[in-house]
Amino acid sequence: MTSKIPSISKRYADRAEDGDLVVEISFTGGNELGKGNPELTDVRLRLLKKEADREHQVWTRDLGNVPMPTGAWHDFDLVQCVAGKIYAGVSNSLRRFNLADGAAEWTIEIGNTALVQVIPSSRRDMLIVCNTYSEYEHPKGLANLAAFSLEGNEVWRVACNGEVFIGNARFEDGVLLSNTFSCWEYQIDERTGKVLAKTFTK
């Protein structure tokens, strides 16, 4: 009798919807904690259109074998439809694509580690982004949580004395919250990136 050897990788996907359109980014990632990702991540972006009880593929783009967040560590939020454009975290870059045909419009490198989160601001006029914290470094010692305009310009980056965020930024009662690896929950002004308060959660 032979035993089945479990796979150390699997296909991960994240989706965003805009009416009857669905944008999906997918990649092959590791499924064991601490094992990282395979060399061939095969990152793909595609647009689907919902029709009755099925989805029809409109276009697909191959984004290559670039480093991506290890899916086994965290959930991730890597693609958004905002103001008629697609914004995606691909490796350590934020990229904008044309919704109609998937053409790349710009790419901006953000930090030295893969992005794990890209979410719109509450007014949907900026993007809040977070790099994975493991091995993250910033030349000025700033944190891995930042905001960018829809044109790709950095608006702010949190300064919090060497803390790194785990990629769970969210809005609660109109306040931007995010937790750090060392168990602090930060309240952040989403317009300026200023720390308003922090609470120890462990």
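The structure displayed is predicted, hence computed values, not measured ones.

## Some points on the confidence of the model for the protein chain
Here is step 1 of the chain: With 93% of its residues at a pLDDT of at least 70, the protein chain reaches an overall mean of 91.
Here is step 2 of the chain: This model gives residues 1-5 a pLDDT under 50, and the stretch forms zero contacts once residues within four places in sequence are excluded.

## A short note on the packing of aromatic side chains
Here is step 1 of the chain: Summed over all chains, the structure comprises seven aromatic pairs.
Here is step 2 of the chain: A centroid spacing of 5.7 Å and a plane angle of 25° characterise the contact between Tyr12 and Phe27, whose relative ring orientation is stacked. In this pair, Tyr12 sits in strand E1 (residues 9-18) while Phe27 sits in strand E2 (residues 21-30), placing the two residues 15 residues apart along the sequence. Neither Tyr12 nor Phe27 differs from the other in exposure class; each is buried.
Here is step 3 of the chain: Ring centres 6.0 Å apart and planes at 55° place the aromatic pair Tyr87 and Trp106 in the tilted group. With a gap of 19 residues between them, Tyr87 in strand E6 (residues 85-90) and Trp106 in strand E8 (residues 104-109) connect regions that are remote in the sequence.
Here is step 4 of the chain: A relative accessible area of 1% means that Tyr87 is categorised as buried.
Here is step 5 of the chain: Linked through ring pairs, Tyr12, Phe27 and Phe76 together constitute an aromatic cluster.
Here is step 6 of the chain: When the ring centre of Trp184 is taken as reference, the NZ or CZ atom of Lys198 above it lies at 4.5 Å.

## What about the sheet that holds strand E15 (residues 184-188)?
Here is step 1 of the chain: Here four strands make up an open sheet; going across it, the order is E13-E14-E15-E16 and the pairing antiparallel. Looking at the sheet topology across the chains shown, the edges are occupied by strand E13 (170-172) and strand E16 (195-200). The mean angle between the axes of side-by-side strands here comes to 30°, regardless of whether they run parallel or antiparallel.
Here is step 2 of the chain: In terms of strand pairing, E13 meets strand E14 (residues 175-179) through three bridges, oriented antiparallel. Within E14, the residue paired with Glu172 across the bridge is Val175.

## Notes on the pattern of salt bridges
A pair can form between side chains of opposite charge whenever their charged atoms are brought close.
Here is step 1 of the chain: In this structure the tally under the stated criterion is 14 salt bridges.
Here is step 2 of the chain: For Arg46, the salt bridge is made with Glu24, and the minimal N-O distance between the two is 2.8 Å. In this pair, Arg46 is assigned in strand E3 (residues 43-51) and Glu24 in strand E2, connecting sequence segments 22 residues apart.
Here is step 3 of the chain: Its salt-bridge partner being Glu151, residue Arg96 comes within 3.3 Å of it at the nearest N-O pair.

## Points about the side chain of Thr28
Here is step 1 of the chain: Tracing the sequence through the fold places Thr28 in strand E2.
Here is step 2 of the chain: Among the polar contacts listed, one links the side chain of Thr28 to the side chain of Arg11, at a separation of 2.8 Å.
Here is step 3 of the chain: Residues in contact with Thr28, not counting those within four places in the same chain, are Ser9, Lys10, Arg11, Pro38, Leu40, Thr41 and Asp42.

## Comments concerning the pairing of strand E5 (residues 79-82)
Here is step 1 of the chain: The side-chain alternation of E5 yields two buried faces, one formed by Val79 and Cys81 and the other by Gln80 and Val82.
Here is step 2 of the chain: In this sheet, E6 lies alongside E5 in antiparallel orientation, the contact comprising four bridges. The residue of E6 that forms the bridge with Val82 is Lys85.
Here is step 3 of the chain: Counting the residues that bridge the hairpin from E5 to E6 gives two residues, and of these Ala83 lies at a positive phi of roughly 50°.

## Considering unusual backbone geometry
Here is step 1 of the chain: Its identity as a non-glycine residue notwithstanding, Ala83 has a phi of 50°, on the positive side.
Here is step 2 of the chain: Topologically, Ala83 is positioned in the loop between E5 and E6.
Here is step 3 of the chain: Even without being a glycine, Arg124 presents a positive backbone phi close to 60°.
Here is step 4 of the chain: With respect to the element layout, Arg124 can be found in the loop between strand E9 (115-120) and strand E10 (126-131).
Here is step 5 of the chain: Overall, the relative accessible area of 40% leaves Arg124 in the partly exposed class.

Calculation criteria
Residues numbered from 1 in each chain as written. Predicted model: local features only at pLDDT ≥ 70, side-chain atom pairs only at ≥ 80, totals over all residues. Heavy atoms only, no water. pLDDT = per-residue confidence, 0-100. Contact = heavy atoms within 4.5 Å. Phe/Tyr/Trp six-rings, centres within 6.5 Å; stacked < 30°, edge-to-face > 60°. Helix = DSSP H or I, 4+ residues; strand = E, 2+ residues; numbered from the N terminus. Buried < 20%, exposed > 50% of the residue type's maximum accessible area, 1.4 Å probe, protein only. Lys NZ or Arg CZ within 6 Å of the ring centre and 35° of its normal. Pairing = 2+ DSSP bridges. Axes fitted to C-alpha atoms, helices over the stretch in contact; angles between N-to-C directions. Salt bridge = Lys/Arg side-chain N within 4 Å of Asp/Glu carboxyl O. Polar contact = N/O pair within 3.5 Å; in protein donor to acceptor, adjacent residues only side chain to side chain.

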